[in-house]
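Here's the letter readout for the chains.
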Amino acid sequence: MRLMIKYLRPFFGIMLVGLTIKVTGTVIELALPYILSYILENVVEQQRVEKVLLWGGLMALCALSACIFNIVANRMAARVARDFSEIVRKNLFARTIRLSAKQTDAFTIASLEARVTTDTYNVHQFVGMMQRMGVRAPILLVGGIAITLIMDSYLALIMIAMLPLIFVTVFFISKKGIPLYTKVQQSVDGMVRVVREDVIGIRVIKALSKGEYEHVRYDKVNTALIKDETRASVTMGLANPIMTMLMNFGIVGVVALAASRVQDGRSDPETVIAFMQYFTLISTAMMSVTRIFVMYTKSAASARRIAEVIDSKEDFEVESEEKYPQIKTDAHIVFKNVSFSYNGVKNNISDINLEIAKGGSLGIIGATGSGKSTLIKLLMRFYDVGEGGIYIDGRDIRTIPKEELYSMFGSAMQNDFLYADSIEENIRFGRDISHEEIVKAAKTAQADLFISEIAQGYDYQLAVKGSNLSGGQKQRLLISRAVAGKPKILILDDSSSALDYKTDANLRRALSQDMKGVTLITVAQRVSSVKNCDRILVLSDGVPSGYGTHEELMRTCEEYREISESQMGGDFVE
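Worth saying up front: this structure is predicted, and the values here are computed from it rather than measured.

Draft legend 1. A look at the overall build of the protein. Of the regular secondary structure elements, the protein holds 19 helices and 10 strands. Dimensions of the protein, computed from the C-alpha atoms along their principal axes, are close to 115 × 60 × 50 Å. When each of the 574 residues of the protein is scored for burial, the buried share is 47%. Sequence-distant contacts, at least 24 apart, represent 76% of the contacts inside the protein between residues at least 6 apart.

Right, here's the structure in full:
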């Protein structure tokens, strides 16, 4: 709950105003049964119509006032809950974006989506409910008991005797409910993950006629979610019937004792009528308290999950140069004895040593899973190296502020995304880039030709994930985006795999002409995409099996020679 208090603090002023209004309306509401008792006991017996109308009008005025006060307070509560949840969602999303790749892997994408949506909704509901019911219910409960004690302490003691039983019931049920709703949210994460995977892979699912298989997979996680929801709901659902039973026992006791007291003349029917109305108000208040506790269990579990993300520490702090001193080098990029493991058990890459001159080029080639993309992730500090160091202009990347480090790169990754907007905005990507610069970047990336053939040109609206473009067209847009930012280091991570050989050759020629002075790193599985690089690194199971120019590797690296000959028979066409 520390999370809620922290984010509600700026709203304490308006919440105090709303609280005052709510208290006023509730107190007026509490007065209604007492006024009715007074009318029955003192006004009716006078048989004067004008007095009955006067006091009846007072009751109507109180009822109307209570209604207006409650409406105003509820609207203020809704506004506070809305603004509160907006800030929480904004900060949660901002922290989610800043999570390191390692932290994102730990939370999982599906879980982060659920926290931004379902969990923030739960805390939003609780904040609104607490301002509405959380103020009104205790006042009705305490005020009703206080007034009934004044009216008839003997009858009131029956209700008071029931309250400890009710509170103990709510406490123990709520205590069991929090872990149950935490489990529910974890099951929601699992369901979101499956839905997300199926939506992304819907075309593959249809192409392979695996719809039924995915139905079974979804039913499995959905059944698990239903099971967890049922367990939580049944547990929390016990509170309401148990409280109702206890309150009904109290009503029976009140009626039995009231009948005896009225018969003996120690009480009167008017007091009993008012007393029963207060008992109804108290019962309603207790039901509201039950709902609050049920909502509390959900929101407490959700707030804890939100806090886990928001309070997570920066995974990769900027280190001091005393810890990681600069090295003397003329190279732009240096990998020095770099090793890394995702799980901390077995190295995914080992003993990587290479240098790239400023404005030079490096090609990285190898089989799937050989560690090519891992090198890129380490260079961009998505993960930190396990051993060794990576240097840019002699500076260890762990000592470079993130904003400065990331601004050096332009990247087109294998699985980058396009969003539902115009082609121009997908290339611009929120940066201050003119239309002319966008067109220039598209020409370099060989995208301008197909864009110009579309009726709307650069204003053409893409579908989600660019599904209304071919694979090669999407890749050229992604490369356009990377080039448009005028980076110092351009990374193409298997981003031309869908291009034909002619377009790929034209792309490489255009990059060499238009991106002079830019250090180029190309990750590919086609030799034709890397053969003209200054140096080529051949990876095999995370270990270098060759490093040099194309000609050198053709002579000295059997793996590289086999790849080349299997693809093009050793010959290349530009």
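Draft legend 2. Representation of the UniProt feature "transmembrane region" (unreviewed entry) in the protein within the structure. Those residues carrying the UniProt feature "transmembrane region" (unreviewed entry) are residues 12-40, 52-73, 133-150, 156-173, 237-260 and 272-294 in this numbering. Helix and strand shares over residues 52-73 are 100% and 0% respectively, and the end C-alpha atoms of the span are 31 Å apart. Within the segment residues 133-150, helix and strand shares are 100% and 0% respectively, and the terminal C-alpha atoms sit 25 Å apart.

Draft legend 3. The arrangement of the pattern of salt bridges in detail. Summed over the entire model, instances satisfying the criterion amount to 22 salt bridges. As a salt-bridge pair, Arg 217 and Glu 214 come within 3.0 Å of each other at their nearest N and O atoms. Of this pair, Arg 217 and Glu 214 both sit in helix H8 (residues 211-237), three residues apart, which is roughly one turn of that helix. One connected set of salt bridges, linked through shared partners, spans Arg 95, Arg 98, Glu 314 and Lys 402.

Draft legend 4. Looking closely at H8. Taking 1.5 Å as the rise per residue, H8 with 27 residues should run 39 Å; its terminal C-alpha atoms sit 37 Å apart, in good agreement. Within the span of H8, buried status applies to Glu 214, Val 221, Leu 225, Asp 228, Ala 232, Thr 235 and Met 236.

Draft legend 5. Structural view of the nonpolar core. Grouped together as the largest cluster of nonpolar side chains are 32 residues, with contacts concentrated most on Ile 423, Ile 451, Tyr 458, Leu 477 and Leu 490. If we ignore the near neighbours within four places in the chain, the residues touching Leu 490 are Gly 410, Ala 482, Val 483, Leu 511, Met 515, Val 518, Thr 519, Leu 520 and Ile 521.

Draft legend 6. Structural context of the packing of helix H14 (residues 435-444) against helix H16 (residues 471-484). Remark: H14 packs on H16, axes separated minimally by 8 Å, with the N-to-C direction vectors making an angle of 125 degrees. When the axes of H14 and H16 are compared, the pair comes out oblique. For the pair H14 and H16, the crossing hand works out as right-handed. Contacts between H14 and H16 involve Ala 441, Ala 442 and Thr 444 on the former and, on the latter, Ser 480, Val 483 and Ala 484. When the residues that make up the contact of H14 with H16 are grouped by side-chain class, the tally is four nonpolar, two polar and no charged.

Draft legend 7. Structural context of helix H17 (residues 501-514). Taking 1.5 Å per residue as the helical rise, H17 with its 14 residues ought to reach 20 Å, and the 20 Å between its terminal C-alpha atoms agrees with that figure. Residues Thr 503, Asp 504, Ala 505, Leu 507, Arg 508, Ala 510 and Leu 511 constitute the buried set of H17. Turning to H17, the residues buried within the fold contact H14, H16 and strand E7 (489-493). With a side-chain oxygen positioned 3.1 Å from the backbone nitrogen of Lys 502, the residue opening H17 is Asp 500.

Conventions adopted
- Within each chain, residues carry numbers counting from 1 in the order of the written sequence.
- Given that the model is predicted, a residue must reach a pLDDT of at least 70 before its local features are reported, and side-chain atom pairs must reach 80 or more before they are shown or counted; all residues, however, enter totals for whole chains, interfaces and linings.
- Values shown for side chains rest on all heavy atoms present in the structure; no hydrogens or waters enter the calculation.
- Segments assigned H or I by DSSP are reported as helices when at least four residues long, segments assigned E as strands when at least two residues long, and all are numbered from the N terminus.
- Remark: exposure states derive from per-residue accessible area (1.4 Å probe, protein chains only) relative to the maximum for the residue type, with buried under 20%, exposed over 50%, and partly exposed in between.
- Contacts are assigned to residue pairs with any non-hydrogen atoms lying within 4.5 Å of each other.
- UniProt positions are given in the numbering used here, feature names are shortened, and annotations may be inferred rather than shown by experiment.
- When a carboxyl oxygen of Asp or Glu lies within 4 Å of a side-chain nitrogen of Lys or Arg, that pair is called a salt bridge.
- By definition here, a helix of n residues has an expected span of 1.5 Å times n minus one.
- We define the nonpolar core as a collection of buried residues of types Ala, Val, Leu, Ile, Met, Phe, Trp, Tyr and Cys that are connected through side-chain atoms lying within 4.5 Å of one another.
- Note on method: axes are straight lines fitted to C-alpha atoms, helices fitted across the in-contact stretch only, with angles between N-to-C directions ranging 0 to 180 degrees.
- Should an angle fall under 35 degrees it is called roughly parallel, over 145 degrees roughly antiparallel, and 65 to 115 degrees roughly perpendicular, with every other angle called oblique.
- Left-handed describes a crossing whose near helix is turned anticlockwise from the far helix by less than a right angle; the clockwise case is right-handed.
- Residue polarity is assigned by list, with Asp, Glu, Lys and Arg as charged and Ala, Val, Leu, Ile, Met, Phe, Trp, Tyr, Cys and Pro as nonpolar; anything else, Gly included, falls into the polar class.
- A 3.5 Å cut-off defines polar contacts: any pair of N or O atoms within that distance qualifies, except that in protein one atom must be a possible hydrogen donor and the other a possible acceptor, and neighbouring residues in sequence count only when both atoms are side-chain atoms.

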